[in-house]
Amino acid sequence: MIPDNIISEAENLRELIRYHNRLYYAEDRSEISDGEYDTLMLRLMELESRWPELATEDSPTLRVGAKPLSRFPSILWDPPMLSLDNVFSVEEFIEFDRRIRHELKLEDDPVYSVEPKLDGLAIALIYENGVLQRAGTRGDGSEGEDVTPNARTLRSIPLKLSSDLSGNLVVRGEVIFRKNDFQKMNKERKSLGLEPFVNPRNAASGSLRQLDSRITASRPLSFIAYGTARWPGGIASQHSLLDLLARLGIPLNPCNSLCRGVDEVEIACRRLEENRDELPWEIDGAVIKLNEASFQERMGTLSRFPRWAAAWKFRAEEAVTRLIDIEIQVGRTGKLTPVARLEPVFVGGVTVSSATLHNEDELCRKDARPGDKVIVRRAGDVIPEVVRSLGRPDGERGEKFEFPRSCPVCNGPVAREEDASAHRCMNPSCPAKLRESLFHWGSRDALDIEGLGSKLAEQLVDKGMVKDVSDLYSLTRPQLASLDRMGGKSADNLIKELEESLSATLQRFITGIGIPGIGRTVSGLLSGRFSDLQKLMDAGVDELLAIEGIGPVLADNLHRFFNEKITRDVVNRLLSVGFKPRGSGAGDGSQPLLGLTVVFTGGISIPRSEARIMAEKAGAKVTGSISSRTDIVVAGPGAGEKLRKAGELGLEVISEDEFLKLIRDGGYLFAKHK
Ligand code: IVH
């Protein structure tokens, strides 16, 4: 029996915690300190663990995290979570508005809801009778990932709505990092020796899509709603919908506004763009929606977009800063890249202190010199770049940068490739190349060795402890523990990781040794064809050329790599430390999609789950969203946004029939060289 006073204490605590969550997230204020909040939470957790029957399914303690999952279940969206059509100029918006007025035969200018377009991850929250039941990501719009345990850890997502509501309500919105939370988190990560996140958007997506919800719980994510899947009864406009959500205690964007006609919309969008840097979260545009529900319904939707809304995209973010110096970086393949060292500047959601100048030609064209003010641009996930130089405020010019004719790291000869703008260091034992090769060896697609970061690789090379990758496997615990930022425990972990890497597949092994032009995809083809490394090393050019997807350049690179003494020696040393890289079988094509990432989109005649199993049996990894890592997109009728994205990224798109043929006949049909 639970004593009555305990029952009521727990109830009071839950009410109180919910109240403070609401204040903090929905109204952006708080009445108690973090410490006081924690005390309430800890007391409730204590009660619930002593009297487990006390725990309710909507208890705020559930936010702390739950047991890890092995994979996300899928969640279906009906109606689908659509995307938005873009407008890039006032003229395009005028056209959008004209179409609406014409089709709806409006005499007056319509009212629009203008909302910041938050740059995070879209999710939907399913409430039943006011209690959060499930939460899922947008995925491809029709099918997302069920991330309920993770969503429960976000304090801004109410587990219970604040006013009684019967029936089902699906709230849609964006999971984001507020800029200050993001910066604080990155600072903490750095102080713990962890890699900081590159930008809030990727970090939000990565943090919400963690299989272990305790990790999500440790990240300060926020949720901001912008709509619902269907119109709740009695609600006839976007404005009153947002009003209802606010009353339910759901956090909304405070910068939403209502505008009548094109001019007001333009002013609101420009204001958002101008104030973008001061806003507490990243935005990449404004969303303009017809306010009236009946107007939205009459305009309807296309397969991918509603015809009643548009995204007004802002230009890529640019900032002005001072160019301190130009340095040359030497990459794994010996490529020399001029990099601008900059006075740190906040642009596109991150603090940028270096930006690429690409190559000698670009550097000459931009004529950026140390001391100049330069414009730096950063869009989405791309590496920041120097757009152009504004010269120096005093009108003087610094020295013109001379592109080096020898490698700045090893002094080795530098050659410019024919028909290419890249310069490369030709010295095979250049330490910069070695450092990058070690780092690449440990990277995720290669041997996936946690702890083998760039700083460690640098020290190992600088101290002469490693002359090629095989030396990693004879490093001792005392040697490793003597390095900066390493202790006995990290040394032990690294040694364990290295030992585990010895059982890597042929695909990872080939990716890791870094043959020019041979990344994860081609390595997958090779390991689908050869049963072990020796067979691949012995293969002639003709045999390599016979593999679908491998053309003359790659065949030649492979052949040369395995026949050059210096590289063959490294491979042999790796074999002698214990590697036995094996491919998928006898080269009989039994796993024709080995190592490839496949995405299904649109309608296909076989059930998705079956198609997924077929692809997985053929060695593929099946994912729900398109990225540059996708190898094959299987598209059926009605494919929308994903197909467009695949086109943009230049991915291979095949039909269901082609997919089935691929699985039946084996062999990857497309040449795709990353
Ligand atoms: S409305 C059918 N409103 O933008 C309408 N979307 O390109 C689609 N987004 O995936 C959603 N802020 O995650 C809407 N105020 C806002 C938004 C917003 C950000 C995201 C959303 C969606 C993407 C569409």
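Predicted model only: the values in this text are computed from it and were never measured.

Notes on the pairing of strand β3 (residues 111–118)
Point 1. Judged by how many residues are buried, β3 sits mostly within the fold: seven of eight residues are covered.
Point 2. With four bridges connecting them, β3 and strand β9 (residues 257–260) associate as antiparallel partners. Across the sheet, valine 111 pairs through a bridge with arginine 260, a residue of β9.
Point 3. Pairing of β3 with strand β10 (residues 283–290), which is carried by seven bridges, proceeds in the antiparallel orientation. Bridging across to β10, valine 114 finds its partner in isoleucine 288.

A look at the pairing of strand β19 (residues 597–601)
Point 1. For β19, the tally of buried residues reaches five of five residues, placing the bulk of the element in the interior.
Point 2. With burial as the criterion, each face of β19 is covered, one bearing Thr597, Val599 and Thr601 and the other bearing Val598 and Phe600.
Point 3. As defined by bridge partners, β19 adjoins strand β20 (residues 621–623) across three bridges and the pair is classed as parallel. Within β20, the position partnered with valine 599 by the bridge is threonine 623.
Point 4. Of the crossover connections in this fold, the one passing from β19 over helix α22 (residues 608–617) to the parallel β20 is right-handed.
Point 5. Note that β19 and strand β21 (residues 632–635) share four bridges and pair parallel. Bridged to valine 598 within β21 is isoleucine 632.

Considering the sheet that holds strand β4 (residues 121–128)
Point 1. Sheet architecture is open: four strands sit in the order β5-β4-β7-β8, paired in antiparallel fashion. Edge positions in the open sheet fall to β5 (131–137) and β8 (222–228), since each of these has one partner strand only. For this sheet, the mean angle separating the axes of adjacent strands, direction not counted, is 35 degrees.
Point 2. Across six bridges, strand β7 (residues 168–176) lies against β8 in antiparallel orientation.

With respect to helix α9 (residues 261–275)
Point 1. For α9, spanning 15 residues, the distance from its first C-alpha to its last is 22 Å, which sits close to the expected 21 Å at 1.5 Å a residue.
Point 2. Regarding α9, the residues found buried are Gly261, Val262, Val265, Ala268, Cys269, Leu272 and Glu273. One side of α9 carries all its buried residues, which in axial view fall inside an arc of 135 degrees. Exposed positions of α9 whose direction lies more than 90 degrees from the buried face are Asp263 and Glu274.
Point 3. Tucked into the core, α9 has its buried residues touching α3 (90–103), β3, β9, β10 and β11 (309–313).

Concerning the packing of aromatic side chains
The geometry of an aromatic ring pair comes down to the distance between the two centres and the angle between the two planes.
Point 1. Following the criterion strictly, the structure yields 11 aromatic pairs and no others.
Point 2. Here the aromatic rings of phenylalanine 96 and tyrosine 112 are separated by 6.5 Å at their centres, their planes lie at 40 degrees, and the arrangement is tilted. Taken as a pair, phenylalanine 96 in helix α3 and tyrosine 112 in strand β3 lie far apart in primary sequence, 16 residues in all. We note that phenylalanine 96, like tyrosine 112, is buried.
Point 3. A ring pair is formed by phenylalanine 177 and phenylalanine 182, whose centres lie 6.0 Å apart and whose planes are at 55 degrees; its orientation type is tilted. For the pair phenylalanine 177 and phenylalanine 182, a shared accessibility class is recorded, and that class is buried.
Point 4. In textbook terms, an aromatic cluster arises when at least three aromatic residues are bridged by ring pairs, as seen for Phe93, Phe96, Tyr112 and Trp312.

Here we look at helix α2 (residues 34–50)
Owing to its 3.6 residues per turn, the α-helix brings residues three or four apart onto one side.
Point 1. The end-to-end C-alpha distance of α2 is 24 Å, a good match for the 24 Å that 17 residues give at a rise of 1.5 Å each.
Point 2. Buried residues of α2: Tyr37, Leu40, Met41, Leu44, Leu47 and Glu48, and no others. Buried positions in α2, seen along its axis, are confined to an arc of 125 degrees and lie on one side of it. Facing away from the buried side of α2 by over 90 degrees, the exposed positions are Thr39, Leu42, Ser49 and Arg50.

A look at the site of the ligand
Point 1. Taken together, 14 residues lie around the ligand, and Glu115, Ala122, Glu174, Tyr226 and Lys289 are the ones closest in.
Point 2. Here lysine 117 contributes a side-chain N or O atom positioned 3.4 Å from an oxygen atom of the ligand.
Point 3. At a separation of 2.3 Å, an oxygen atom of the ligand approaches a polar side-chain atom of glutamate 174.
Point 4. Across the complex, the protein chains shield 88% of the 520 Å² of accessible surface that the ligand would expose by itself.
Point 5. It is β3 that contributes the most residues to the shell around the ligand, four residues altogether.
Point 6. Residues that form the shell around the ligand fall into these classes: eight nonpolar, one polar and five charged.

A short note on the confidence of the model for the protein
Point 1. Confidence in the prediction of the protein, expressed as mean pLDDT, is 87, and 94% of residues score 70 or more.
Point 2. Mean pLDDT across the elements of the protein ranges from a minimum in helix α24 (residues 656–665), with 78, to a maximum in β8, with 98.
Point 3. A low-confidence stretch, residues 667–674 stays under pLDDT 50, and its non-local contacts, those more than four residues away or across chains, total 38 contacts.

Criteria and thresholds
Residues numbered from 1 in each chain as written. Predicted model: local features only at pLDDT ≥ 70, side-chain atom pairs only at ≥ 80, totals over all residues. Heavy atoms only, no water. Buried < 20%, exposed > 50% of the residue type's maximum accessible area, 1.4 Å probe, protein only. Helix = DSSP H or I, 4+ residues; strand = E, 2+ residues; numbered from the N terminus. Pairing = 2+ DSSP bridges. Right-handed = clockwise from strand over helix to strand, strands pointing away. Axes fitted to C-alpha atoms, helices over the stretch in contact; angles between N-to-C directions. Expected span 1.5 Å × (residues − 1). Arc of directions from axis to C-beta. Contact = heavy atoms within 4.5 Å. Phe/Tyr/Trp six-rings, centres within 6.5 Å; stacked < 30°, edge-to-face > 60°. Near = heavy atom within 4 Å. Polar contact = N/O pair within 3.5 Å; in protein donor to acceptor, adjacent residues only side chain to side chain. Areas by Shrake-Rupley, 256 points an atom, 1.4 Å probe, with all protein chains shown as cover. Nonpolar A, V, L, I, M, F, W, Y, C, P; charged D, E, K, R; others polar. pLDDT = per-residue confidence, 0-100.

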